[in-house]
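Coordinate analysis (summary)
The residues making up each chain are set out below.
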Amino acid sequence: MSNVRQRRPIHTPQDDQVEDEDERRSRDSGFWTHAAFVGLLTALVLTPLILIIIPSPIDPVGYSFKPRPELVGPLEPNNHLQKAEQIYDGQVLGPESIVVEGEHIYTGTMDGKILHIYKGQVQVLAKFGKEPCGGFDNEPTCGRPLGMRLDKNGYLYVIDTYLGLYQVNVATGDFVLLWPTTAEINGKVPKFLNDLTIASDGMIYMTDSSTKWDRRHNRYCIFEGEASGRLISYNPNTNTTKELASGLAFANGVQISRNEEYLLICETTWARIFKYHLKGPKKGTMEVFMDNLPGLPDNIRLSSGGGYWIGIATLRSKGYEFMANKPWLRKLIAKIISQETIIKFVPKYGLILEINSEGEITRSLHDPTATKVPSVSEVEDKDGVLYLGSYFLPHMSRLYLGRLKT
Ligand SMILES: *[C@@H]1O[C@H](CO)[C@@H](O)[C@H](O)[C@H]1NC(C)=O
């Protein structure tokens, strides 16, 4: 026993310390290896579990894009939009739609106002909703005017996406709610009224972008690809509505043709334009008029060149196309990131397109840097002077077509 004891190395307090540290180190590293292993395992097992269990806010639908059109010919990039001047900066917040009549400009803003601009003075013409305004929760009660048009008698017709279709007397600011959003159209209340166009007989055609999502969730609506958007007619003589067409993935801008034989309707999500026949043998039917646009179309208006202007909200991106036919991927992404984050991946690029009645792009104006015009909601063309709207910028832009060198 004593021998054994003697054979043991002589312990010094220092040795003890060294040994303790070594031991602790190996114990520690063992612990950390173990912890890392358990952590990794947990992550590997739990993450997919959590991803499966947590519900996705969206129920995506697939779509296969054709290869994106190359930016050549009439789509050749230029910097014409960079020559636009920003007007009424800070005085018009998110002027989505613009009407210009003589020296008068009308627009609707994100603080729920209908503005009348005359000789440089911006004035509130009407307000449909109630204060407070600003912020996500207030938006439905504050109201959000989107599409607007003057009829041939000089009345301004405005769609407030949350409140309904209004007729405004531009001389007095008095208004009438023609069709409230609480009234069903073909069994469904319009959840996201967006744009309108007026025929010479007074018939109003309007879009309901979605019966699932409201304006505040427009990114989800697009990311999901759902197609509950529809085209609606409103007859002011009888105060009746009719669902003319449905199945549109974010029905947006609508414009009646010059001959009033058809309507053109922008479908934002899948970058298409539809044609709805009002007359002729195809009356009452809708068909694809243009597809594979280089960006997601917002509003459509007549151009002074005899065609139509399309405001492009965002350029199509590789990522967007990659995900279009992978609904499972979009479903998963929406579980992890919010729609505010999704929007950060959207490329910024200013673009408007002029098309003809044959559905061909005849001209395009660009701001590739997106510094002057990052996005366009609508082009109001008043004899060659373009007023560009935006649903989020604090100004509108003006561009004189005649001053562009082409
Ligand atoms: C039109 O009809 C709808 C649905 O019944 C109703 O809510 C609305 O008040 C009517 N509009 C007018 C101007 O009478």
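Residues numbered from 1 in each chain as written. Predicted model: local features only at pLDDT ≥ 70, side-chain atom pairs only at ≥ 80, totals over all residues. Heavy atoms only, no water.

1. With respect to the confidence of the model for the chain
- For the chain, the average pLDDT comes to 92, and 93% of its residues sit at 70 or higher.
- Within the model, pLDDT remains below 50 along residues 1-10, and this stretch shows 1 contact once partners closer than five positions in the same chain are excluded. (pLDDT = per-residue confidence, 0-100. Contact = heavy atoms within 4.5 Å.)

2. A closer look at the sheet that holds strand 15 (residues 262-267)
- Within the open sheet, the 4 strands sit side by side as 14-15-16-17. Their pairing is antiparallel. The sheet terminates laterally at strand 14 (251-256) and strand 17 (286-290), the two strands that pair on one side only. Each strand axis lies, on average, 30° off the axis of its neighbour in the sheet, ignoring direction.
- The sheet contact formed by strand 15 and strand 16 (residues 272-277) spans 6 bridges and is antiparallel. When the bridges of strand 16 are listed, L263 appears paired with Y276. (Pairing = 2+ DSSP bridges. Helix = DSSP H or I, 4+ residues; strand = E, 2+ residues; numbered from the N terminus. Axes fitted to C-alpha atoms, helices over the stretch in contact; angles between N-to-C directions.)

3. Observations regarding the UniProt feature "domain: Strictosidine synthase conserved region" (unreviewed entry) in the chain
- Residues given the UniProt feature "domain: Strictosidine synthase conserved region" (unreviewed entry) here are residues 194-281.
- Secondary structure content for residues 194-281 is 8% helix and 50% strand, and the end C-alpha separation is 29 Å. (UniProt positions renumbered as here; feature names shortened; annotations may be inferred.)

4. Some points on the sheet that holds strand 18 (residues 295-302)
- Spatially, the 4 strands line up as an open sheet ordered 18-19-20-21, and their pairing is antiparallel. Two strands lie at the open edges of the sheet, namely strand 18 and strand 21 (361-367), each paired on one side alone. With strand direction ignored, the average angle separating the axes of adjacent strands in the sheet is 20°.
- The pairing of strand 18 with strand 19 (residues 308-315) spans 6 bridges and is antiparallel.

5. Section: the site of the ligand
- Close to the ligand lie L177, L178, W179, P180, A183 and N239, which account for all nearby residues.
- N239 is positioned with one of its side-chain polar atoms (N or O) 2.4 Å from an oxygen atom of the ligand.
- When the residues that make up the shell around the ligand are grouped by side-chain class, the tally is 5 nonpolar, 1 polar and no charged. (Near = heavy atom within 4 Å. Polar contact = N/O pair within 3.5 Å; in protein donor to acceptor, adjacent residues only side chain to side chain. Nonpolar A, V, L, I, M, F, W, Y, C, P; charged D, E, K, R; others polar.)

6. Let's talk about the state of the cysteines
- Per the stated rule, a full pass over the model turns up 1 disulfide.
- The thiol of C221 is not disulfide-bonded; the next cysteine sulfur, from C266, is found 15 Å away.
- Taking relative accessible area as the criterion, C266 reaches 0% and is therefore assigned buried. (Disulfide = S-S within 2.5 Å. Buried < 20%, exposed > 50% of the residue type's maximum accessible area, 1.4 Å probe, protein only.)

7. Quick notes on the layout of surface pockets
- Quantified by volume, the largest pocket comes out at close to 820 Å³.
- As for the largest pocket, its lining consists of 34 residues, of which R149, L150, D151, I198 and L302 are closest to the centre.
- The leading source of residues in the lining of the largest pocket is strand 2 (residues 98-101), at 4 residues.
- Of the residues in the lining of the largest pocket, the class split is 12 nonpolar, 10 polar and 12 charged.
- Of the pockets and cavities examined, the second largest pocket occupies roughly 560 Å³.
- R219, I222, L296, I343 and V346 are, among the 30 residues lining the second largest pocket, the residues nearest its centre. (1 Å grid on protein atoms, 1.4 Å probe; cavity = no way out; pocket = protein on both sides within 12 Å on 5 of 7 lines; lining within 4 Å. Points joined across faces, edges and corners; volume = space filled by probe spheres on them.)

8. Examining the packing of aromatic side chains
- Under the counting rule described, the total for this entry stands at 12 aromatic pairs.
- For the ring pair F128 and F175, a centre distance of 4.9 Å and an interplane angle of 80° mean the geometry is edge-to-face. One end of the pair, F128, is in the loop between strand 5 (121-127) and helix 3 (139-142); the other, F175, is in strand 9 (residues 175-180), with 47 residues separating them in the sequence.
- Relative accessible area serves as the criterion here: at 11%, F128 is assigned to the buried category.
- F175 gets classed as partly exposed once you look at its relative accessible area, which sits at 35%.
- Taking the centre distance of 5.5 Å and the plane angle of 50° together, the rings of W213 and Y220 count as tilted. Taken as a pair, W213 and Y220 share a single burial class, namely buried.
- Through a chain of ring-to-ring contacts, the aromatic side chains of Y63, F65, W270 and Y320 assemble into a single cluster.
- It is R216 that lies over the ring of F136; its NZ or CZ is 4.5 Å from the centre.
- In this arrangement the basic side chain of K275 is found over the ring face of Y262, its NZ or CZ atom lying 4.3 Å from the centre. (Phe/Tyr/Trp six-rings, centres within 6.5 Å; stacked < 30°, edge-to-face > 60°. Lys NZ or Arg CZ within 6 Å of the ring centre and 35° of its normal.)

9. Some remarks on the pairing of strand 24 (residues 396-400)
- Among the 5 residues of strand 24, 4 are classified as buried, and the element is accordingly described as predominantly covered.
- Of the strand pairs in this sheet, strand 1 (residues 85-87) and strand 24 are connected by 3 bridges, and their pairing is antiparallel. Looking across to strand 24, one finds that Q86 is bridged to S397.
- Judged from the 4 bridges that link them, strand 23 (residues 385-389) and strand 24 form a sheet pairing that is antiparallel. What sits directly across from V385, in strand 24, is Y400.
- Remark: 6 residues form the turn of the hairpin made by strand 23 and strand 24, two consecutive strands paired antiparallel.

10. Comments concerning the pattern of salt bridges
- Enumeration according to the criterion identifies 18 salt bridges in this entry.
- In this structure, the salt-bridge partner of E85 is R398, at a minimum N-O distance of 3.1 Å. Pair noted here: E85 is in strand 1 and R398 is in strand 24, with a separation of 313 residues, a long-range link.
- Across the pair D208 and R230 runs a salt bridge, and its minimum N-O distance is 3.0 Å. Placement of D208 in strand 11 (residues 204-208) and of R230 in strand 12 (residues 229-235) is noted, with a sequence separation of 22 residues between them.
- Several salt bridges share partner residues, and in doing so they unite R68, R316 and E321 into one network. (Salt bridge = Lys/Arg side-chain N within 4 Å of Asp/Glu carboxyl O.)

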